[in-house]
Amino acid sequence: MNWVTRMHRMFAVALALLAPAALAQEGAGDVVYVPTPQIVVDEMLRMAKVGPNDYVIDLGSGDGRIVITAAKKHGARGFGVDLDRYLLKLANDSARKEGVADRARFFEQNLFETDLSAATVVTSYLLPEMNLKLLPKLLNLRPGTRVVAHDYAMGEWSPDDEKMLIVPEKTVGDPGKSYIFFWIVPARLAGSWESRLPVGARTVSYRFTFEQEFQVVHGTVRVDDRESRLPQFKLDGEQLSFNLTVPIGGGMVSHRFRGWVKGDTIAGTVTIGEGSGQRVMPWRAKQTARGEMQMGAVGTPVAVAAP
Ligand SMILES: C[S@@+](CC[C@H](N)C(=O)[O-])C[C@H]1O[C@@H](n2cnc3c(N)ncnc32)[C@H](O)[C@@H]1O
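Note that this is a predicted model, so its numbers are computed, not measured.

Peer 1: Explain the pairing of strand S14 (residues 265-272) to me, please; I cannot follow it from the model alone.
Peer 2: Look at any regular strand and the pattern is simple: side chains alternate between the two faces of the sheet. Of all 8 residues that make up S14, 6 are buried, and the element is covered over most of its length. Pairing of strand S13 (residues 251-262) with S14, which is carried by 8 bridges, proceeds in the antiparallel orientation. Within S14, the position partnered with Arg258 by the bridge is Thr269. Here S13 folds back onto S14, and the loop between the two strands holds 2 residues, one of which, Gly263, carries a positive phi near 60°. Pairing analysis gives 8 bridges linking S14 to strand S15 (residues 279-290), with the strands arranged antiparallel. Looking at the pairing, Ala267 lines up with Arg284 of S15. Linking S14 back to S15 in an antiparallel pair, the connection comprises 6 residues, with Gly273 at a positive phi of about 85°.

Peer 1: Would you mind showing me how to read the site of the ligand here?
Peer 2: Taken together, 23 residues are adjacent to the ligand, and Asp30, Thr36, Gly60, Asp82 and Leu111 come closest. Within the side chain of Thr36, one N or O atom sits 2.5 Å away from an oxygen atom of the ligand. Look at the ligand: alone it shows 600 Å² of surface, and the protein chains cover 98% of it. Residue classes in the shell around the ligand are distributed as 12 nonpolar, 7 polar and 4 charged.

Peer 1: How should the nonpolar core be read in this particular structure?
Peer 2: Side chains that are nonpolar tend, in soluble globular proteins, to be buried together. Core analysis: the largest hydrophobic core is formed by 31 residues, its most contacted members being Leu59, Leu111, Leu138, Trp157 and Trp183. Apart from the residues within four sequence positions on either side, Trp183 is in contact with Thr145, Arg146, Val147, Ala149, Tyr152, Ala153, Met154, Trp157, Ser158, Pro159 and Asp160. Counting residues in hydrophobic clusters, the runner-up holds 29 residues, among them Tyr206, Val221, Leu230 and Ala285.

Peer 1: How do you make sense of the packing of aromatic side chains when you look at a structure like this?
Peer 2: Ring pairs (aromatic) are described by centroid distance and by the angle formed between their planes. Applying the stated criterion across every chain yields a total of 17 aromatic pairs. An angle of 70° between the planes, with centres 6.0 Å apart, marks the rings of Tyr55 and Phe79 as edge-to-face. Placement of the pair is Tyr55 in strand S1 (residues 55-59) and Phe79 in strand S2 (residues 77-82), with a sequence separation of 24 residues. By the burial criterion, Tyr55 is buried, and Phe79 matches it. Relative to Phe210, the ring of Phe208 has its centre 5.5 Å away and its plane inclined at 5°; by these criteria the two rings are stacked. Under the relative-accessibility criterion, Phe208 is labelled buried at 1%. In this structure Phe210 comes out as buried when scored by relative accessible area, which is 2%. Here the aromatic cluster, defined as three or more aromatic residues joined through ring pairs, consists of Tyr206, Phe208, Phe210, Phe233, Phe242, Phe257 and Trp283. The lysine or arginine in question, Lys133, covers the ring of Phe112, its NZ or CZ lying 4.1 Å from the ring centre.

Peer 1: How do you make sense of the pairing of strand S5 (residues 146-150) when you look at a structure like this?
Peer 2: Burial runs high along S5: 5 of the 5 residues are buried. Residues Arg146, Val148 and His150 point to one face of S5 and Val147 and Ala149 to the other, with burial holding for every one of them. Where strand S4 (residues 121-124) meets S5, 4 bridges bridge the pair, whose relative direction is parallel. Paired with Thr123 across the bridge in S5 is Val148. As a crossover connection, the stretch from S4 through helix H5 (residues 128-139) into S5 is right-handed. Direction of pairing for S5 relative to strand S7 (residues 177-184): antiparallel, over a ladder of 5 bridges.

Peer 1: What exactly am I supposed to notice about unusual backbone geometry here?
Peer 2: Residues apart from glycine generally show negative phi values, whereas peptide bonds are mostly found in trans. A positive phi is found at Lys49, a non-glycine position, where the angle reads about 50°. Considering the arrangement of structural elements, one finds Lys49 in the loop between helix H2 (38-47) and S1.

Peer 1: Honestly, the pattern of salt bridges in this entry has me stumped. Any pointers?
Peer 2: When their charged atoms lie close together, side chains carrying opposite charge are able to pair. Overall, the coordinates contain 16 salt bridges when judged by the stated rule. Between Asp160 and Lys234 there is a salt bridge; the shortest N-O distance is 3.7 Å. Within this pair, whereas Asp160 is found in the loop between S5 and strand S6 (161-166), its partner Lys234 is found in strand S11 (residues 226-234), the two being separated by 74 residues in sequence. On the basis of relative accessibility, which here comes to 22%, the residue Asp160 falls in the partly exposed class. On the basis of relative accessible area, Lys234 is assigned to the partly exposed category, the value being 44%. A salt bridge links Asp224 to Arg202; its shortest N-O distance comes to 2.8 Å.

Peer 1: Even after reading the chapter, I still don't get the sheet that holds S4, so can you show me in this structure?
Peer 2: Whenever strands of a sheet pair, they do so through backbone hydrogen bonds, lying parallel or antiparallel. With respect to topology, 7 strands assemble into an open sheet ordered S3-S2-S1-S4-S5-S7-S6, the strand pairing being mixed. Looking at strand neighbours, the two that pair on one side only are strand S3 (104-108) and S6, the edges of this open sheet. Neighbouring strand axes in the sheet, compared pairwise and without regard to direction, differ in orientation by 15° on average. Sheet strands in contact with helix H4 (residues 85-97) are S2 and S3, and its direction is about 165° off that of S3.

Conventions used here
- Residues numbered from 1 in each chain as written.
- Predicted model: local features only at pLDDT ≥ 70, side-chain atom pairs only at ≥ 80, totals over all residues.
- Heavy atoms only, no water.
- Buried < 20%, exposed > 50% of the residue type's maximum accessible area, 1.4 Å probe, protein only.
- Helix = DSSP H or I, 4+ residues; strand = E, 2+ residues; numbered from the N terminus.
- Pairing = 2+ DSSP bridges.
- Near = heavy atom within 4 Å.
- Polar contact = N/O pair within 3.5 Å; in protein donor to acceptor, adjacent residues only side chain to side chain.
- Areas by Shrake-Rupley, 256 points an atom, 1.4 Å probe, with all protein chains shown as cover.
- Nonpolar A, V, L, I, M, F, W, Y, C, P; charged D, E, K, R; others polar.
- Core = buried A, V, L, I, M, F, W, Y, C linked by side-chain atoms within 4.5 Å.
- Contact = heavy atoms within 4.5 Å.
- Phe/Tyr/Trp six-rings, centres within 6.5 Å; stacked < 30°, edge-to-face > 60°.
- Lys NZ or Arg CZ within 6 Å of the ring centre and 35° of its normal.
- Right-handed = clockwise from strand over helix to strand, strands pointing away.
- Salt bridge = Lys/Arg side-chain N within 4 Å of Asp/Glu carboxyl O.
- Axes fitted to C-alpha atoms, helices over the stretch in contact; angles between N-to-C directions.

The values are spatial; any link to function lies outside them.
Right, dumping it as structure tokens:
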């Protein structure tokens, strides 16, 4: 197919997308090419706080604008994958023209088979059911990996941040509007964990049972053989933080736990007590049994952006 025919075809596809609420299907890929407006690309990268240490992977990269912008404006590196050879050439040519070909590359590859292990940021503008198919793989990425999606959410995985932009020239999806969804891959905290801490003259044992639905955690703690409920809190990648007041000895003792989950260990600090008696000390917890992260009724596509 020559360039002119190709442009006509893309234009025809774009016209076909004027009305529907979701992106239509065409060709070898699972979704047609519709570029993310540049102001939306800029905001997606801003929300993900992309910087020079980041490795950005765009799933279905089109003309390459997301990875090229990440390289050019934020000094990041990365790659995009697409099945459309014309778009791949366009993207690699643009990367060269913009002087970022060494940091932004584009490969012919099915996005569902792409190795995402190098990513610190994954971006997408795909259909809701494609997002859902990707969801288990995204949740298995390194905790702290950021995911940003244009227009469609990820089923029941509540975003950590979301934004709507007015984009008058946009004619697909919800015309005139773009939605951006941002998530941070949470660490796996579900399960049982044990700690021992000095409180007053004693060493007290804490047995935590964390239940986790995506990044949202709740559960119980058994201290001195008395069980208390934990407050609900949100994981920020591998970081956790929660307050707890429990009976120890004769009185109520307040705790502020802050930590980082690394595999089967939590390391951080705990602030125990109030006022002049307050003490900050190291906190370590060891996992004694793994639990399952709950993912709601994943499998039911939820098109958040469509009215
Ligand atoms: C809606 S466009 C988004 C383009 C770009 N990410 C952007 O936001 O400007 C989706 C892209 O995904 C590509 N695509 C569709 N199914 C794919 C698949 N299974 N593997 C790789 N790319 C695919 C299409 O060719 C198209 O370029």
